[in-house]
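Reading the structure
One-letter residues, chain by chain:
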Amino acid sequence: MKKYLLLLFSFVLTGMAVNAQKMPVSYDFGEKYKDRYRYSNLVAIEEDDSGGYILVRAYYQGLILKPKGYLIEKYNRDLELVSEYNYKLKDLDFVDGFLKNGQLNLLFLNYNANRGEYEYWVHTSPVINFNFQEKKLLSIASDPVDDPVGKNYYNRDFSRGFTTAILFNEAKTGFVISTHHKKGKSNKHMIHMFDTALNKKFEFDFSDEIEEKNYAFENVTFSEDLQTAYIVGKAYFKQRRFRVDERKYQYELIKVSQNASQTQSFVDPGKYPEALYPVLMGNKLVCTGFYADRKDNRYNGIVYFDVHPGTLDIRSQKYNPFSQQFMDDKFGREEDKDIKNLVFKNVEVTDNNEIFFNAEEYFVTTGLETTGAGQRVRIERYHHNDIVSVKLNTNGDMEWARNINKTEVTQGDGAYASYSSYCKDGNTYFFICTAAENPQLINNERLIFKQGFSRNRNVFMISLDENGVMDYEKIIDQQEARLPLMVSKPLKDETEDKMLFYAKRGGRKQLVKVDFK
């Protein structure tokens, strides 16, 4: 699809050595292959049971680009393309895809006009010999609505009649499907729990909880036996008068099982938790994220809640304000010091129960653009801005927080924007992709990566060690990386300490593997 990308990376490297040390990685390029589907999106990338890789792309064709099907590519461990399978399929909304026990599963949402209902379907095939079989997971009677699975982190719309969300845990051992249908006096909210073998573990009628509040679920974790789901989300109050200093929602933790649900709200006078993420560590359940001192999304620090996984009682809570180091990272000498719109990208827990998490400033803007025919069309621009990286010790105290300043705006495929990260031996590594050759140094403390004019991209790696000390290096030169990497959609293999990236432009494609030493 048509892509527009404006990119600016900048970050503070206080105390950095003049000559950056070599990053502990090596890389390999697969062969470049021709590709007839110029317009496509990568929707899934997984490792198969033989050490090879499965990639799934939705492709688009026609004078007015429309989805036509899914190209499934099989590569061996040497990054060689073994086979391709064209699964011609249209008029279904892709939700997610995953590989389990040699079976490729593609999840779709379909509106059945004859039945007047939304239907979740899974299309499953062995990867050895593709032969897709369809299975309906559930259905919900409803009138058709626009974007029923659309996810807006800050302004949820519950007036459309039907909304749904699907959430996987970090390890992708299971998923929940939330369905909320409202028509007249009927108001039904169901929670459906599945494992990734597509066995339904339970369903729970959550309708009694939504008489006063609407719920927008954001993150989830599961018990090891997948019999209990811990869901964090925003609870929006329906009918209530608000003071000027009040928000219209609060963050809540919902524990759901076959026969019961419990709710814990996170409310403190003068403190506003935001973007909370649940982490289950044995008999300890932690909800961590950000907090603000006022009702908007301008964050002031990191919040940590130690919650009893059985009763949901809050055993301890800590508010860690951002340090001066963090503020210098982010703003330098600028006067405007707002930190807002942070969305979790990933969470890592060490063997010592230390927590590393990374988030990104993300928001969507709309505007009008003139086409070649002189028409004015409304477009959406997706902003992927600063990276925030945080380390919490086992007691929830913040050991450090660092900010990597960047600004990215895209109207097209977001896979080329944003970043990916990897944690190893107490260090966090970030991968960014930019046409900049060398960073620009300002006031001896701020480095800026400007986009440049080349179609090719350099791959830079930024590291944060166990003490939060930052370093960087260009690890792949644009003369080698002739195709841009889909840097935000990697395959991470922690058992072999490697990452796999898909690189594509127009009619050419290849795989790039990065190994950690």
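Up top you'll find the structure we're talking about.
A brief report on the enclosed structure follows. Since the model is a prediction, treat every value here as computed from it, not as a measurement. (Residues numbered from 1 in each chain as written. Predicted model: local features only at pLDDT ≥ 70, side-chain atom pairs only at ≥ 80, totals over all residues. Heavy atoms only, no water.)

**Notes on a positive patch on the surface**
Taken together, Lys32, Lys34, Arg482 and Arg508 make up a surface patch of like positive charges. Here Lys34 shows up in strand E3 (residues 33-34). For Lys34, a relative accessible area of 69% translates into the label exposed. (Patch = residues over 30% accessible without salt bridge, like charges linked within 9 Å, V, L, I, M, F, W, Y side chains within 5 Å. Areas by Shrake-Rupley, 256 points an atom, 1.4 Å probe, with all protein chains shown as cover. Salt bridge = Lys/Arg side-chain N within 4 Å of Asp/Glu carboxyl O. Lys, Arg positive; Asp, Glu negative; His and termini not counted. Charge placed at Lys NZ, Arg CZ, Asp CG, Glu CD. Helix = DSSP H or I, 4+ residues; strand = E, 2+ residues; numbered from the N terminus. Buried < 20%, exposed > 50% of the residue type's maximum accessible area, 1.4 Å probe, protein only.)

**Points about the environment of Ala260**
For Ala260, the position within the fold is in the loop between strand E18 (249-256) and strand E19 (261-265). Distance in space between the C-alpha atoms of Ala260 and Asp205 is 9.2 Å, their sequence separation being 55 residues. Among all residues touching Ala260, those that are not within four sequence positions of it are Phe204 and Lys255. (Contact = heavy atoms within 4.5 Å.)

**A word on the sheet that holds strand E9 (residues 103-112)**
Reading across the sheet, the four strands line up as E8-E9-E10-E11 and stay open at both edges, with antiparallel pairing between neighbours. Bordering the open sheet on either side are strand E8 (93-100) and strand E11 (133-141), each of which pairs with just one other strand. Between one strand and the next, the sheet's axes are offset by a mean angle of 20 degrees, whatever the strand orientation. Here strand E10 (residues 117-126) runs beside E11; their pairing, made up of eight bridges, is antiparallel. Among the inter-strand pairings, Glu117 is bridged to a residue of E11, identified as Ala141. (Pairing = 2+ DSSP bridges. Axes fitted to C-alpha atoms, helices over the stretch in contact; angles between N-to-C directions.)

**Some thoughts on the pattern of salt bridges**
Using the criterion set out here, one finds 25 salt bridges in the structure. Residue Asp96 is joined to Lys172 by a salt bridge in which the shortest nitrogen-to-oxygen separation is 3.3 Å. Highlighted residues: Asp96 in strand E8 and Lys172 in the loop between strand E12 (162-168) and strand E13 (174-183), separated in sequence by 76 residues. We classify Asp96 as buried; its relative accessible area is 18%. For the salt bridge of Lys474 with Asp477, the shortest nitrogen-to-oxygen distance reads 3.0 Å. For Lys474, a relative accessible area of 27% translates into the label partly exposed. For Asp477, a relative accessible area of 23% translates into the label partly exposed. Through salt bridges that share partners, Asp35, Arg57, Glu73, Glu84, Lys504 and Lys509 make up one connected network.

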